[in-house]
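Below, each chain spelled out in residue letters.
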Amino acid sequence: GAVVSQHPSRVICKSGTSVKIECRSLDFQATTMFWYRQFPKQSLMLMATSNEGSKATYEQGVEKDKFLINHASLTLSTLTVTSAHPEDSSFYICSARGGGGRVAGVNTQYFGPGTRLLVL
Amino acid sequence: GIQVEQSPPDLILQEGANSTLRCNFSDSVNNLQWFHQNPWGQLINLFYIPSGTKQNGRLSATTVATERYSLLYISSSQTTDSGVYFCAVGAGTASKLTFGTGTRLQVTL
């Protein structure tokens with residue numbers, strides 16, 4: 001139980017293009033999802049908190065116009081990297097917070113498999 | 001913000017050995033999770049343990065919230081235990097997690 005999927009798993013794009021990453025909770029509903037970024041051999045850094053039906057909350061230093069987040073349903077959040085540049089190349093990971101039901105524990109975050117983005 | 005430090009940063013074990021990983025945090029927390037990140041990057045939930053002790057097979061964890069630390073015990077380690085272990089903590093009403101610096105574990109034959 002408590003499965004979170006991400007798509008795509010890997011993407012290579014040209015500088016200046018936009019890339020959309022999807023995060024889905026497959027067997028539970030998540031009013032809150034989170035987006036993280038991880039550089040090689042480093043820890044995870046929270047980028048933003050995504051709340052269903054409302055605007056995302058961004059961490060300090062994260063450009064909201066560059067990293068667009070939409071949480072249109074209780075099982076789907078999307079992150080769009082707009083006008084991507086080589087420095088945006090990273091491993092992007094989403095998580096979904098459980099609501100305390102049978103599948104997903106309350107306040108427990110469950111992580112997707114991540115998306116490797118390479119901007120050329 | 002809250003600071004989370006893990007030790008040791010790197011650990012090499014022979015298969016069958018036991019180990020203890022430590023997570024120190026700088027403020028009171030109401031959420032603490034341990035994760036294993038496998039070589040493909042997937043984070044696997046190990047424990048949700050803001051306080052107390054839990055066991056799951058060869059793994060167990062203890063959090064002493066009043067002293068601001070948590071320990072993860074791995075017994076009879078296997079090569080599949082290799083990867084990076086993270087603790088992550090949350091505080092207050094916000095549900096977000098702050099990740100620790102990680103412990104990179106390599107289990108050899």
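Cut-off values and rules
- Residues numbered from 1 in each chain as written.
- Chains lettered and ligands numbered in written order.
- Predicted model: local features only at pLDDT ≥ 70, side-chain atom pairs only at ≥ 80, totals over all residues.
- Heavy atoms only, no water.
- Pairing = 2+ DSSP bridges.
- Helix = DSSP H or I, 4+ residues; strand = E, 2+ residues; numbered from the N terminus.
- Axes fitted to C-alpha atoms, helices over the stretch in contact; angles between N-to-C directions.
- Buried < 20%, exposed > 50% of the residue type's maximum accessible area, 1.4 Å probe, protein only.
- Contact = heavy atoms within 4.5 Å.
- Buried area = accessible area lost by both parts, 1.4 Å probe.
- Salt bridge = Lys/Arg side-chain N within 4 Å of Asp/Glu carboxyl O.
- Polar contact = N/O pair within 3.5 Å; in protein donor to acceptor, adjacent residues only side chain to side chain.
- Disulfide = S-S within 2.5 Å.

*Asks:* What's the story with the sheet that holds strand β3 (residues 19-25) of chain A in this structure? I'm lost.
*Replies:* Strand pairing in a sheet relies on backbone hydrogen bonds. The paired strands run either parallel or antiparallel. Residues and elements named next belong to chain A. The strand order across the open sheet formed by 4 strands is β1-β3-β8-β7, and the pairing between neighbours is antiparallel. Either end of the sheet is taken by a strand with one partner, and the two such strands are β1 (4-7) and β7 (67-73). Taken over all neighbouring pairs, the strand axes of this sheet differ in orientation by 15 degrees on average, direction set aside. Pairing of β1 with β3, which is carried by 4 bridges, proceeds in the antiparallel orientation. By the bridge assignment, Q6 is partnered in β3 with C23.

*Asks:* Help me out: how do you make sense of the side chain of S19(B) in this one?
*Replies:* All names here are of chain B. Residue position: S19 is located in strand β3 (residues 19-25). By relative accessible area, which is 8% here, S19 ends up buried. Each residue touching S19, except ones within four places of it in the same chain, is listed here: L11, L13, L72, Y73 and I74.

*Asks:* In this structure, what is going on with the interface of chain B and chain A? I would like to understand it.
*Replies:* How big an interface is tends to be expressed through the accessible area that disappears when the partners come together. Facing 17 residues of chain B, the contacting portion of chain A comprises 23 residues. At the boundary of chain B with chain A, total buried surface from both sides reaches about 1,500 Å², with 49% on carbon and sulfur atoms. It is S95(B), K96(B) and F99(B) that lose the most area in chain B upon contact with chain A, and together they represent 30% of the buried surface on that side. Inspection of the region where chain B meets chain A yields 1 salt bridge. The interface formed by chain B and chain A includes 7 residue pairs in polar contact (both at pLDDT 80 or more). Listed by contribution, the elements that provide at least two residues to the side of chain B that touches chain A are β4 (31-37) and β5 (43-48) of chain B.

*Asks:* Could you clarify how one ought to interpret the environment of T78(A) in this entry?
*Replies:* Residues and elements named next belong to chain A. Summarising the element assignment, T78 is placed in strand β8 (residues 76-81). Between the C-alpha atom of T78 and that of S43, which follows or precedes it by 35 residues, the distance is 22 Å. Residues contacting T78, with those up to four places away along its chain left out, are K20, I21, E22, W35, L68, I69 and N70.

*Asks:* What am I meant to see in the sheet that holds strand β8 (residues 69-74) of chain B here?
*Replies:* Residues and elements named next belong to chain B. Strand order in this open sheet of 5 strands is β1-β3-β8-β7-β6, and the pairing throughout is antiparallel. Each edge of the sheet is formed by a strand with only one pairing partner; in this case those strands are β1 (4-7) and β6 (52-56). Taken over all neighbouring pairs, the strand axes of this sheet differ in orientation by 15 degrees on average, direction set aside. Across 4 bridges, the pairing between β1 and β3 is antiparallel. Considered in β3, the bridge of V4 is made with F25.

*Asks:* Would you mind showing me how to read the pairing of strand β2 (residues 10-13) of chain A here?
*Replies:* Side-chain direction in a regular strand flips from residue to residue, so the side chains alternate between the two faces of the sheet. Residue and element names in this part refer to chain A. Because side chains alternate across β2, one face comprises the buried residues V11 and C13, and the other comprises R10 and I12, none of which is buried. Two strands pair when backbone bridges link them, and β2 and strand β11 (residues 115-119) are joined in this way by 4 bridges, in the parallel orientation. Within β11, the position partnered with V11 by the bridge is L117.

*Asks:* Honestly, unusual backbone geometry in this entry has me stumped. Any pointers?
*Replies:* What is expected of a backbone is that most residues other than glycine have negative phi and most peptide bonds are trans. Across the junction of H7(A) and P8(A), the peptide omega takes the value 0 degrees, indicating a cis bond. Within the secondary structure layout, P8(A) lies in the loop between β1 and β2. At the junction of S7(B) and P8(B), the peptide bond is cis and its omega measures out at -10 degrees in the coordinates. In this fold, P8(B) is placed in the loop between β1 and β2 (10-14). Of note in this structure, S83(A) is not a glycine but carries a positive phi near 45 degrees. Under the relative-accessibility criterion, S83(A) is labelled partly exposed at 34%.

*Asks:* Where do I start with the state of the cysteines in this structure?
*Replies:* Two cysteines joined by a covalent bond between their sulfur atoms form a disulfide. Throughout the structure, instances matching the rule amount to 2 disulfides over all chains. Covalently, C23(A) is tied to C94(A) through a disulfide, its sulfur atoms 2.0 Å apart. For the disulfide bridge between C23(A) and C94(A), the dihedral angle about the S-S bond is near 80 degrees, and by the sign convention the bridge is right-handed. Here C23(A), found in strand β3, pairs with C94(A), found in strand β9 (residues 90-97); they are 71 residues apart in sequence, far enough to count as distant. C23(A) gets classed as buried once you look at its relative accessible area, which sits at 0%. Each disulfide pairs two cysteine sulfurs, and for C23(B) the partner residue is C87(B), the sulfurs being separated by 1.9 Å. Every disulfide takes its handedness from the sign of the S-S torsion; for C23(B) and C87(B) that torsion is 65 degrees, giving right-handed. With a gap of 64 residues between them, C23(B) in strand β3 and C87(B) in strand β9 (residues 83-90) connect regions that are remote in the sequence. Comparing C23(B) with C87(B), the two get one shared label, buried. No disulfide involves C13(A); its nearest neighbouring cysteine sulfur is the one of C94(A), lying 18 Å away. Given the relative accessible area of 10%, C13(A) is considered buried.

Keep in mind that these numbers describe shape and distance, not what the molecule does.
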